[in-house]
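Spelled out, the chains give:
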2 protein chains.
Amino acid sequence: MHTLSTQVAGYIEHSSWIRRMFEAGMVLKKKYGQENVYDFSLGNPDLAPPAIVGQALHQIADTATNAFAFGYMPNAGYLDTRKVLAAYLAKEQETPALGPEHLVLTCGAAGGLNGLFRAVLDPGDEVVCPAPYFVEYGFYVENHGGKLCPVPSHPGSYELDLAGIAAALTAKTRVVLINSPNNPTGQVYSGQELEQLGQLLERHSKKTGRPVYLVSDEPYRFLVYDGVQVPPVLPLYAHSVVIGSFSKSLSLAGERVGYVAVNPAMPDCATLLGGLVLTNRILGFVNAPAIGQRLLGAALGHGVDLSVYERRRAAMAAVLDAAEISYVMPKGAFYFFPQVPGTSTDDTAFVKALMDQQVLAVPGSGFGCPGGFRLALCVPEDVILRSGDAFKRAVSAFLA
Amino acid sequence: MHTLSTQVAGYIEHSSWIRRMFEAGMVLKKKYGQENVYDFSLGNPDLAPPAIVGQALHQIADTATNAFAFGYMPNAGYLDTRKVLAAYLAKEQETPALGPEHLVLTCGAAGGLNGLFRAVLDPGDEVVCPAPYFVEYGFYVENHGGKLCPVPSHPGSYELDLAGIAAALTAKTRVVLINSPNNPTGQVYSGQELEQLGQLLERHSKKTGRPVYLVSDEPYRFLVYDGVQVPPVLPLYAHSVVIGSFSKSLSLAGERVGYVAVNPAMPDCATLLGGLVLTNRILGFVNAPAIGQRLLGAALGHGVDLSVYERRRAAMAAVLDAAEISYVMPKGAFYFFPQVPGTSTDDTAFVKALMDQQVLAVPGSGFGCPGGFRLALCVPEDVILRSGDAFKRAVSAFLA
């Protein structure tokens, strides 16, 4: 009774599918044993950090008793780390003008997104986002008085529906938020799609007199398959912002290190950066964690072993093929987003059928896209391979 | 031009006094040399972390290449660290029932306060706070749609004005936020004051039918002088919450580790904790930084050398006495909050007079308390002692 705010009480009541799967999974693991549950519900990277992380941490430990060793630094982050990261991103984003002054280090991509929304959203502003989308985006937008407006992607391919996005733009549209490689679909948007999106936003911003920011959330940029390229967004649209993290590429998810990079070509980019530095401070992050920042400075360019994910992707594709479940092969990230088998689009019913066989997945409804379901490849290859029969049994039971 | 939201653009325009002092200080340091500027503006602890921090960091580094070494953990934080902290706080707060399930580890106290306000504030809810107060509180409350309602403390002593607080309570009052030992005054509230405050809130909550939370922000609890005791808040009022951090006690300010402890005696405390775990996640913190959590688990109970602050306090008292500036001797924390000399209450004018002598302070107006100014003891004792003449010159010039 009146313990929480009305909004947060509502959130808890409709708590996320991922969390419910997590809890159901705990029960199943107790009942059947850890090794007999095939848990594809959580995107918690299970690979060890690269060796340089441990080496760098020893070096940091050697200086731990210096004054200010872990004291406050500028709210944007250590200048050294920002310099290293700026040089890296300037190449990756094909934006030579990108310098440390265009970066704010953040508590992961999630902290970066919250800081950005706090900085730019006026009450009632809209954030347009292709669906399916990362389930937390809705919270991040509502935290700061905004409204998430999902636009379904092209069914089957999950490419951007540019006409749909154009139709969703209003005078209140403040941000278009994309995520490529995409969680949950594994789609990577093409340079052509992104260029057309930029042109669309350019025209709309001119019409309304207020810029629409194109925000590209890219925590999975490092993980693509078959030589796919993730096109840089910054060269395509002046009012663009790239947000990333090292949770997956360096297996540092719990230490919380990410960044916001503002396009140097953006008129008044210094004002936006000043706003981001302020919101990073006042939201209570203050700065990205000191030790994580230093680890990033030392380990940037290194990464986890990607061949592991390649093998897992192949294993999961084989399992789904054998179970006659249809899917689009992910181009990047570590998820599959297959379709519910047969003519049904009842994703929660199929996820329950999977759970009856000790397979944990997340219904597409949780990502604003009923009819599909998400499988995360954060378990060893042999777990994937051993799950084959369970998938087959779930399909048989579901279609019976 | 429409770069930031209206509210954040306004924040930037009226950017905080502390920040302006920081920038002015940079200019002075360039002009006169670092050693000729007496910088009492920033509360950035300059003491080295205790030796155990470096030792623990080496141990953490040894396990850095384990899978999940720095992966996601429960949003409330590592259970091990929460167990150690709960045992510590159960004693400190004289609340034996306090267990790990009553704690959420947060990105410093700032992250804890933001998570709490996100969890409990409905739009327009009011947070009553004794003035002077930590300048960031206003932002933390407004981030989540609330309104900060300052109540001046007793002039001179900075004890709680309980009648003033009673008069400020309305049907919209959701939180009373106290900070003891206080930044900026160094005041420590007595057990009697806190007990009366609890009774006041008990009566008010009964009247309105909605509990008012008593939130005690205690990052300076570890630092008191002359044997002063900081009374525990939890035994005095059921709807109480303690928020703390290890930024100062372990000199880990940049690594961002703190906590929220919910009173086990609070009816429905599990609901509030569920809300805090959710808001920790959706605000983008996700969890307190993994490495900082582990450092806390290893180093809790250790601390920086407090005798350093004792000597600095004595040195500053001598400097102020010699300059005939009146002040209340701080009982805790590392600040003085003296009064503007003479009959003037123009704190910004006196801070400018100090700056003319290369002394950096923050006007009390920045803390909701004109007529005073804040001096932080985060510089070596010899800097304090060498500043004596500059203070005298500033007073002479100001009174002339």
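Residues numbered from 1 in each chain as written. Chains lettered and ligands numbered in written order. Predicted model: local features only at pLDDT ≥ 70, side-chain atom pairs only at ≥ 80, totals over all residues. Heavy atoms only, no water.

Draft legend 1. Seen up close, the domain arrangement of chain A. Residues and elements named next belong to chain A. Domain assignment breaks chain A into domain 1 (6–49 + 305–399) and domain 2 (70–299). Just the C-alpha atoms count here: the centres of domain 1 and domain 2 sit 27 Å apart. Interface area, domain 1 with domain 2, both sides summed: about 2500 Å², of which 62% is carbon and sulfur. For domain 1, the biggest contributors to the area lost against domain 2 are K331, A333 and F367; these three give 24% of the whole. Counting across the interface, domain 1 meets domain 2 through 1 salt bridge. The shortest N-O distance in the salt bridge between R313 and D226 comes to 2.9 Å. (Domains from an automatic or database assignment. Buried area = accessible area lost by both parts, 1.4 Å probe. Salt bridge = Lys/Arg side-chain N within 4 Å of Asp/Glu carboxyl O.)

Draft legend 2. Summary view of the interface of chain B and chain A. If you look at the interface, chain B gives 85 residues, while chain A gives 85 residues. Summed over both partners, the interface of chain B with chain A buries about 6300 Å², with 56% contributed by carbon and sulfur atoms. Salt-bridge contacts for E136 of chain A lead to R281 of chain B; the nearest nitrogen and oxygen are separated by 2.7 Å. Where chain B meets chain A, there are 49 residue pairs in polar contact (both at pLDDT 80 or more). Of all elements in the fold, only helix 1 (6–13), helix 3 (51–62), helix 5 (108–120), helix 6 (137–142), helix 9 (269–282) and helix 10 (290–299) of chain B reach the threshold of two or more residues within the side of chain B that touches chain A. (Contact = heavy atoms within 4.5 Å. Polar contact = N/O pair within 3.5 Å; in protein donor to acceptor, adjacent residues only side chain to side chain. Helix = DSSP H or I, 4+ residues; strand = E, 2+ residues; numbered from the N terminus.)

Draft legend 3. How the structure looks around the sheet that holds strand 9 (residues 335–336) of chain A. Residues and elements named next belong to chain A. The 3 strands are arranged 9-12-11 in an open sheet whose pairing can be described as antiparallel. Strands at the two margins of the open sheet, each flanked by one partner only, are strand 9 and strand 11 (362–363). Pairing between strand 9 and strand 12 (residues 373–376): 2 bridges, direction antiparallel. Paired with F336 across the strands is L375, a residue of strand 12. (Pairing = 2+ DSSP bridges.)

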